[in-house]
Amino acid sequence: MNIYKGKYGIVKKELYAFGRKIGMDNDIIYTQKYWEKKFLSLHEEKSWDYVITAYLAFWCSEEERRFTTSVFFMRNAVRTVSMSMYISEAACYAKKERIMDCLLGLAIQCKLITVDITNGSFLRETVCCIEWIIDDEQWKNIENVIIKSDRRALKHAQKS
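Criteria and thresholds
- Residues numbered from 1 in each chain as written.
- Predicted model: local features only at pLDDT ≥ 70, side-chain atom pairs only at ≥ 80, totals over all residues.
- Heavy atoms only, no water.
- Disulfide = S-S within 2.5 Å.
- Salt bridge = Lys/Arg side-chain N within 4 Å of Asp/Glu carboxyl O.
- Helix = DSSP H or I, 4+ residues; strand = E, 2+ residues; numbered from the N terminus.
- Buried < 20%, exposed > 50% of the residue type's maximum accessible area, 1.4 Å probe, protein only.
- Phe/Tyr/Trp six-rings, centres within 6.5 Å; stacked < 30°, edge-to-face > 60°.
- Lys NZ or Arg CZ within 6 Å of the ring centre and 35° of its normal.
- Contact = heavy atoms within 4.5 Å.

Engineer: Looking at this structure, I do not really get the state of the cysteines. What am I missing?
Structural biologist: Two cysteines whose sulfur atoms are joined by a covalent bond form what is called a disulfide. All told, the structure shown has zero disulfides when counted by the stated rule. For the unlinked cysteine Cys102, the closest cysteine sulfur is that of Cys60, found at 8.7 Å.

Engineer: In this structure, what is going on with the pattern of salt bridges? I would like to understand it.
Structural biologist: When the charged atoms of two side chains lie near each other, side chains of opposite charge can form a pair. Summed over the entire model, instances satisfying the criterion amount to six salt bridges. Between Lys95 and Glu63 there is a salt bridge, with its nearest N and O atoms 3.0 Å apart. Here Lys95, found in helix α6 (residues 89-109), pairs with Glu63, found in helix α4 (residues 62-73); they are 32 residues apart in sequence, far enough to count as distant. The partner of Arg79 in a salt bridge is Glu89, with the nearest N and O atoms 3.2 Å apart. Note that Arg79 is positioned in helix α5 (residues 78-85) and Glu89 in helix α6, a separation of 10 residues in sequence. You can call Glu89 partly exposed: its relative accessible area is 31%.

Engineer: How do you make sense of the packing of aromatic side chains when you look at a structure like this?
Structural biologist: We describe a pair of aromatic rings using the distance from one ring centre to the other and the angle between the two ring planes. Overall, the coordinates contain six aromatic pairs when judged by the stated rule. A centroid spacing of 4.9 Å and a plane angle of 85 degrees characterise the contact between Tyr34 and Trp35, whose relative ring orientation is edge-to-face. The buried category is assigned to Trp35, whose relative accessible area is 0%. Taken together, Phe18, Tyr34, Trp35 and Phe73 form an aromatic cluster joined through their ring pairs. The ring of Phe67 carries Lys95 above its face, with NZ or CZ at 5.8 Å from the centroid.

Engineer: What is the right way to read α4 from this model?
Structural biologist: Each α-helix winds once per 3.6 residues, and so residues spaced three or four apart point in a common direction. With nine of 12 residues buried, α4 is to be regarded as a mostly interior element. Residues Glu64, Arg65, Phe67, Thr68, Thr69, Ser70, Val71, Phe72 and Phe73 constitute the buried set of α4. Where α4 is buried, its residues touch α1 (8-22), α2 (32-41), α3 (48-58), α5 and α6. Downstream of α4 by a residue or two, Arg75 has a phi angle that is positive, lying close to 60 degrees.

Engineer: How do you make sense of the side chain of Glu64 when you look at a structure like this?
Structural biologist: Structurally, Glu64 is set in helix α4. Those residues in contact with Glu64 that lie beyond four places of it in its chain are Tyr55, Trp59, Lys95, Arg98 and Ile99.

And the structure:
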């Protein structure tokens, strides 16, 4: 369950715009050196160019750069990419989501995107994630601590 899914549209839009801006001329765009050089030439740190270039230069493999180029910059369909890269469509969708998560995390660090944690769906998803992580025995321990503190608070309130 991904709490940032609502922000994926922003990431996709910026990736598509970035792809149009750089153009797809040759295989040099798959190399880490190309992206490192491009990253060092950037002057504005709080921009989508900075985030996307940093990701391509430092946080992904050559295969991920090819995938990003094919799916986001060239806008190839996932089915086409899965056939050309010899991976399942499900793996393509998972890879696409992971890339967007990474870029979203970088964008949040650069304050290009803000996340409203007061949103009810965020809280529901967080609770679902917590329930998945904490087993029944741990919940019982937590419940016992809360009950004990409630009893103390109740006794204190009755004395007052």
